[in-house]
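# Coordinate analysis (summary)
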Amino acid sequence: MRVSSSVFASFCLIFELFGLALFLRGFFPVPVKSSFSSKSKLSDLPAEPLAGNGPNASKVPPPLFKRVVIVLIDALREDFVFGPNGAKYMPYTRHLVERGSTHSFVAKARAPTVTMPRIKALTTGSIPGFIDVVMNLNSPALYEDNLLWQAKTAGKRIIFYGDDTWVRLFPKHFLEYDGTTSFFVSDYTEVDNNVTRHLDSTLKRDDWDMLILHYLGLDHIGHISGPHSSLVGPKLLEMDDVLKKIHAALISRETEGSLPNLLVLCGDHGMSETGSHGGSSDPEINTPLVLISPAFKRKVGMEKPSVVEQVDLAPTLLLSLGLPISQNSVGRLIAPVFEGTPLREQLRYLHLNGHQLSCLLRDSTVEYQKEEGYELFRVAEKSHGSWMKLYLEGNTSEVLGNMGRKVLRQYLEALRAMSAALSRQMGKYDMYSMVVGTILLMQTLLLLLLAMPEALSGCAVVDVPVGTALGSLPFYLLCLLCGALHVALCTSAGSSCYFCALPWALVFAVIACSAALLCALVAMAARRLPPGSKSPTKSSSPGWELSELDVLLLAGTVGHTLSLGASSFVEEEHQSWYFLLNTLCLAVFQDVCRKYFRERRRRASQGGGPDSEDDEPLLPSCKENRPLPSIAPGDDPDSSPLAHLGVSRGSEKWLALATPPLTLACCRLLRSLNQTGVQWAHLPDLSHWLNSGEHKVVLSLLSVASLVLVFVLVQRRCSAVSKMALALGLLGVYSYRAAAGSVLFPWQHSSRAASKGTVEARFVYVFVLGILFTGAKDLLRSQLVSAEARLRSRGLWEVYSGVVLLVALLLRAHNLPTLAACLLVQSLMAQFIWKRLHYDAAQTTIMHYWFGQAFFYFQGNSNNIATVDISVGFVGLESYVEAPAIFLTALSTYAGPLLWACHLVCYLSSERDSYRRNS
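Residues numbered from 1 in each chain as written. Predicted model: local features only at pLDDT ≥ 70, side-chain atom pairs only at ≥ 80, totals over all residues. Heavy atoms only, no water.

What follows concerns the overall build of the protein chain. For the protein chain, the helix and strand inventory stands at 36 helices and 10 strands. Residues classed as buried in the protein chain amount to 52% of the 919 residues present. Within the protein chain, residue pairs in contact and separated by at least 24 positions form 76% of the contacts whose partners lie at least 6 positions apart. Entry remark: accessible area of the protein chain is about 41,000 Å², with carbon and sulfur atoms responsible for 62%. (Helix = DSSP H or I, 4+ residues; strand = E, 2+ residues; numbered from the N terminus. Buried < 20%, exposed > 50% of the residue type's maximum accessible area, 1.4 Å probe, protein only. Contact = heavy atoms within 4.5 Å. Areas by Shrake-Rupley, 256 points an atom, 1.4 Å probe, with all protein chains shown as cover.)

Here's what the structure looks like:
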């Protein structure tokens, strides 16, 4: 069946999206939820276990605290409190930790370490899924059972000031609130002042029971300049003063005979060594948790903080306020908080926590009775009943105390085991859905590889033998085999599977499409194999001859795809791309040597002359290929600037030979610029060295050199107006970085305070839009007014130049050499490799893909969400605007692949137009 390239591409896109969605649905497990739709109620609590008949309590023990103040400092790392920075910049807090009535812990957050999932974990005690990373941008209301809902239902009055994510998550929960946007990271002063300005009046009032403060300034400083910035110290001092003011106010309002107050200091997540967060490194997941109350014993010195889970705070606060634990909580009680209460109440707290976790375990695990934690809880509950019987009988012997402490240890061990089992549910993948999704993706990839030469040909028609496949016996056998396997897996599966839950008609339609596609792939591969002649050539044989480079590109792409099945290769994916890119450069160097030495000698011996060339078109055509006449450098839209300087063909040969080694050298330098991945991301690199204050002059000179090189490489394809706009735009880029304090102007005084650079960034945006408009105008004229190929080619290159200018504005100063190296490699490869060695469109496309993926990692990116630089989303903005912020952040993150994809489109279009114009 012959279909057009557009229809073929649409089918591949739909099939690939379905396979990707199926894989992601299996890869990201659904969070553990209780089967009960209603929320926990006091009336639903179990009674105390009792062996025999007798009265026993069925209520929560009385609350421990009257008021609770939660101070959440965004991105507060544990070393900011417990490390050297804590002693230096948070002296009052450190004094409370060492000598005050406090309990101090290191609370471990779970990935993803971004704000909204962490707030959900702190308030519900559940572990959010990775889908919450996307929801973090626009948080919907939280209807799950949580701390705030329980407190509001119990009549407690809640006041909130800070990150407006809380306002979106908990609408109509607050007696009073004032939200501030969390996404405008350029502001780290007013965003905290808007919280602190309410403190004096609020702390004097008696009309609230819970006060929540969420400070964002420290997180914003981290995004701007990292955890070792000079701005961190003053911000920690400011937070220390806030904590001192709150603590003093709570102490002054303590009255004799009333319940004490509780002050909670915590962080939602930490920050990495680059200032970002979202991953699972220790600096990102380790946060301080300090509980301050007169109810606790006074410390006598600094003690090493114990380690707890962040989700443990929710059940601890709920029970200490006399409220039931939320249904979906996987946390366990922080035992030291309750150690001052009578033993009976301690056991009651632990029993309520164990009952809630056992119910959740029963709802989420098929064979819950075989779980170690569930068995331990039943043993502890039985022992608790025996202890209660002795207690109610009035036994006061030492045996009762020893038995009670033994039951307490049994409960703690059972809670630990059940909490761990529930947390592991987040790591259980739906393997069947993942395998089916992977098979669909692999089939689509093979189809694209086999059909690419036809799809990119002049006819733009692909012959896919679907009709033949549907009438073949293997197709029906595959359908029967896959259908039987699906039924067997779904009926015997011990746990839920998303693919099994789909309608049977849709499942068998997918099976039929996959079987037909597999049969078609076999037919296409057989058709591509060369016939059994001794010397098959492209001109004499319709078969498909694979060169050494073809084998490398095919094996490298497929091998990399298969490597993603291992988590280690995903974490360190950059290593795979660096290896493939180095191997590609060596293979290209071999082709260059073969072309300019061995084949030239062969042609000279045959009398053809050493400079004769067998030119072939880049793009295969339906018609008979005709020789491509030589193109003058001035007529070639992709000619090198060296051609305008009169470079001879002999010199061009040596430049071609130098291109692969020069590309290897550039790639090696870029690898040293930004450390990425997981294992070695903490090691120092050139970017840290350049961004240090004493090397600002070096960074400034390097930025100037990079911007000049960018202009030289890009301007030759633009019109005169666009050249001027590009030059002024690049000058604006440097001015923006100087205004932000990253680089220096020669006339800039060191005492001048750094600004946000909003005016300079908007200045660049004007020229970006001007260049894009000029390119779009040329493209429209080429389509509507004149069909001149040169006009369309120039329009594409001008659009590409506008994208380059925008990327230069968004990249940080130390990454400008990455952009310059990207453009340099593109120019050299286009002029001396792809064109001169006559690589076809399929080879050129895969090479662009490889280079694009490698440059993604050269920027310092990784598969860790913590490497996403969200500060670029606010370049030129004075307030948070969602659409531009998301667009700019995505553009900056994927600048490398985007630039190589744009260059591929422009290059292929230029080569096709050049061939048609000269044929």
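Let's shift gears to the pairing of strand S6 (residues 210-215). Most of S6 sits inside the fold, with six of its six residues counted as buried. Of the two faces of S6, the one lined by Met-210, Ile-212 and His-214 and the one lined by Leu-211, Leu-213 and Tyr-215 are each fully buried. As paired elements, strand S2 (residues 68-73) and S6 share six bridges and run parallel to each other. Within S6, the residue paired with Leu-72 across the bridge is His-214. As paired strands, strand S4 (residues 158-163) and S6 are joined by five bridges and run parallel to one another. Opposite Ile-158, over in S6, you have Met-210 as the bridge partner. (Pairing = 2+ DSSP bridges.)

Our focus in this paragraph is the packing of aromatic side chains. Geometry of an aromatic ring pair is reported as the spacing of the ring centres plus the angle between the planes. A complete count under the given rule lists 24 aromatic pairs for this structure. Residues Trp-166 and Phe-170 carry aromatic rings whose centres are separated by 5.9 Å and whose planes lie at 40 degrees to one another, so their mutual orientation is tilted. For the pair formed by Trp-166 and Phe-170, the shared burial category is buried. Between the aromatic rings of Trp-577 and Trp-850, the centroid separation amounts to 6.3 Å while the plane-to-plane angle is 65 degrees, which identifies the pairing as edge-to-face. Pair noted here: Trp-577 is in helix H25 (residues 573-605) and Trp-850 is in helix H34 (residues 841-858), with a separation of 273 residues, a long-range link. The same class applies to Trp-577 and to Trp-850, which are both buried. Pairwise contacts between aromatic rings join Tyr-578, Trp-834, Phe-851, Phe-855, Phe-858, Trp-900 and Tyr-907 into one cluster. Directly above the aromatic system of Trp-208 lies the positively charged group of Arg-67, at a separation of 4.0 Å from the ring centroid. Arg-717 extends its terminal NZ or CZ atom over the ring of Trp-797, reaching a point 4.0 Å from the ring centre. (Phe/Tyr/Trp six-rings, centres within 6.5 Å; stacked < 30°, edge-to-face > 60°. Lys NZ or Arg CZ within 6 Å of the ring centre and 35° of its normal.)

On to the pattern of salt bridges. A side chain of one charge can pair with a side chain of the opposite charge when the charged atoms of the two come close. On inspection of all chains with the given rule, the structure shows 22 salt bridges. As a salt-bridge pair, Arg-157 and Asp-209 come within 3.2 Å of each other at their nearest N and O atoms. Residue Arg-157 is located in the loop between helix H7 (147-153) and S4, and its partner Asp-209 is located in the loop between helix H10 (199-203) and S6; the two are separated by 52 residues in the primary sequence. A salt bridge links Arg-253 to Asp-206, with the shortest nitrogen-to-oxygen separation between them at 2.0 Å. With Arg-253 in the loop between helix H12 (232-252) and strand S7 (262-266) and Asp-206 in the loop between H10 and S6, the pair connects residues that are 47 residues apart, well separated along the chain. Looking at Asp-206, the relative accessible area reads 53%, which means it is exposed. Because the salt bridges share partners, they merge into one network encompassing Arg-67, Asp-206 and Arg-253. (Salt bridge = Lys/Arg side-chain N within 4 Å of Asp/Glu carboxyl O.)

With that out of the way, let us pick up the state of the cysteines. Overall, the coordinates contain one disulfide when judged by the stated rule. Between the sulfur atoms of Cys-490 and its disulfide partner Cys-500 the distance amounts to 2.0 Å. Where Cys-490 bonds to Cys-500 through sulfur, the torsion about that S-S bond is close to -85 degrees, and the disulfide is left-handed. Highlighted residues: Cys-490 in helix H20 (residues 473-492) and Cys-500 in helix H21 (residues 498-501), separated in sequence by 10 residues. Take Cys-500: its relative accessible area is 18%, and that puts it in the buried class. Here Cys-666 is not cross-linked by a disulfide; its sulfur's nearest cysteine counterpart is in Cys-667, at 6.8 Å. (Disulfide = S-S within 2.5 Å.)

Glancing now at the nonpolar core. General note: in soluble globular proteins, nonpolar side chains tend to be found buried as a group. Formed by 93 residues in total, the largest nonpolar core has its most connected members in Leu-584, Leu-805, Leu-819 and Trp-834. With near-sequence residues (within four places) excluded, Leu-819 lies in contact with Val-710, Val-804, Val-807, Ala-808, Leu-811 and Leu-899. Formed by 69 residues, the second largest nonpolar core is a distinct cluster that contains Ala-107, Met-116, Val-311 and Val-407. (Core = buried A, V, L, I, M, F, W, Y, C linked by side-chain atoms within 4.5 Å.)

Between Ala-111 and the following residue, Pro-112, the backbone shows a cis peptide bond with an omega angle of 5 degrees. On the secondary structure map, Pro-112 appears in the loop between strand S3 (102-108) and helix H5 (115-124). In this structure, Ala-75 is a non-glycine residue whose phi angle is positive, near 65 degrees. Inspection of the secondary structure puts Ala-75 in the loop between S2 and helix H2 (79-82). On the accessibility criterion, Ala-75 (0% relative accessible area) is buried. At Lys-172, a residue that is not glycine, the phi angle is positive and equals roughly 65 degrees. Inspection of the secondary structure puts Lys-172 in the loop between helix H8 (165-169) and strand S5 (176-180).

As a further point, take the sheet that holds S7. Pairing is mixed in the open sheet, where eight strands are placed in the order S5-S4-S6-S2-S7-S8-S3-S9. Looking at the sheet topology across the chains shown, the edges are occupied by S5 and strand S9 (306-309). Pairwise comparison of adjacent strand axes, ignoring direction, gives a mean angle of 15 degrees for this sheet. In this fold H12 packs onto S2, S6, S7 and strand S8 (286-292), with an angle of close to 165 degrees to the strand it touches most, S7. (Axes fitted to C-alpha atoms, helices over the stretch in contact; angles between N-to-C directions.)

Now for the packing of helix H29 (residues 696-715) against helix H33 (residues 816-834). H33 packs onto H29 with a crossing angle of 30 degrees between their chain directions and a minimal axis gap of 9 Å. In terms of their interaxial angle, H29 and H33 are classed as roughly parallel. In this structure, the crossing between H29 and H33 has a hand that is left-handed. Residues Leu-702, Ser-703, Ser-706, Leu-707, Leu-709, Val-710, Leu-713 and Val-714 of H29 form the contact with H33, whose own contacting residues are Leu-816, Pro-817, Leu-819, Ala-820, Leu-823, Leu-824 and Ser-827. The class makeup of the residues in the contact of H29 with H33 is 12 nonpolar, three polar and no charged. (Parallel < 35°, antiparallel > 145°, perpendicular 65-115°, else oblique. Left-handed = near helix turned anticlockwise from the far one by under 90°. Nonpolar A, V, L, I, M, F, W, Y, C, P; charged D, E, K, R; others polar.)

Further remarks concern helix H14 (residues 313-320). For H14, the buried fraction is high: eight of the eight residues fall into the buried class. All of the buried residues in H14 are Leu-313, Ala-314, Pro-315, Thr-316, Leu-317, Leu-318, Leu-319 and Ser-320. Looking one or two places after H14, you find Gly-322, whose phi comes out positive at around 75 degrees.

Together, Leu-13, Leu-17, Leu-20, Leu-24, Phe-27, Phe-28, Tyr-429, Met-431, Val-435 and Ile-439 give the surface a local cluster of nonpolar side chains, amounting to about 870 Å² of exposed area. For the nonpolar patch, the secondary structure elements donating two or more residues are helix H1 (5-27) and helix H18 (431-455). The biggest single contributor to the nonpolar patch is H1, with five residues. Within the secondary structure, Val-435 is located in helix H18. (Patch = residues over 30% accessible without salt bridge, like charges linked within 9 Å, V, L, I, M, F, W, Y side chains within 5 Å.)

With 27 residues, helix H31 (residues 758-784) extends 38 Å from end C-alpha to end C-alpha; this agrees with the ideal 39 Å at 1.5 Å per step. Here H31 has its buried residues at Thr-758, Ala-761, Val-764, Tyr-765, Phe-767, Val-768, Ile-771, Thr-774, Gly-775, Asp-778 and Ser-782. (Expected span 1.5 Å × (residues − 1).)

If you trace the backbone, Ser-514 turns up in helix H22 (residues 504-528). Accessibility expressed as a relative area gives 13% for Ser-514, which makes it buried. A polar contact of 2.9 Å, which involves the side chain of Ser-514, links it to the side chain of Gln-443. When sequence neighbours within four positions are dropped, the list of residues in contact with Ser-514 reads Phe-15, Ile-439, Leu-440 and Gln-443. (Polar contact = N/O pair within 3.5 Å; in protein donor to acceptor, adjacent residues only side chain to side chain.)

On to the environment of Met-442. Relative to the helices and strands, Met-442 resides in helix H18. According to the relative accessible area criterion, Met-442 is buried, its value standing at 17%. When the C-alpha positions of Met-442 and Leu-562 are compared, they lie 9.1 Å apart, and in sequence the two are 120 residues distant. Excluding its chain neighbours within four sequence positions, the residues that come into contact with Met-442 are Val-558, Thr-561 and Leu-562.

Inspection of the secondary structure assignment puts Leu-828 in helix H33. With a relative accessible area of 14%, Leu-828 lands in the buried category. On a C-alpha basis, the gap between Leu-828 and Thr-663 in space is 8.7 Å, while along the polypeptide they are 165 residues apart. Look past the residues within four positions of Leu-828 in its chain and what remains in contact with it is Thr-659, Leu-662 and Ile-833.

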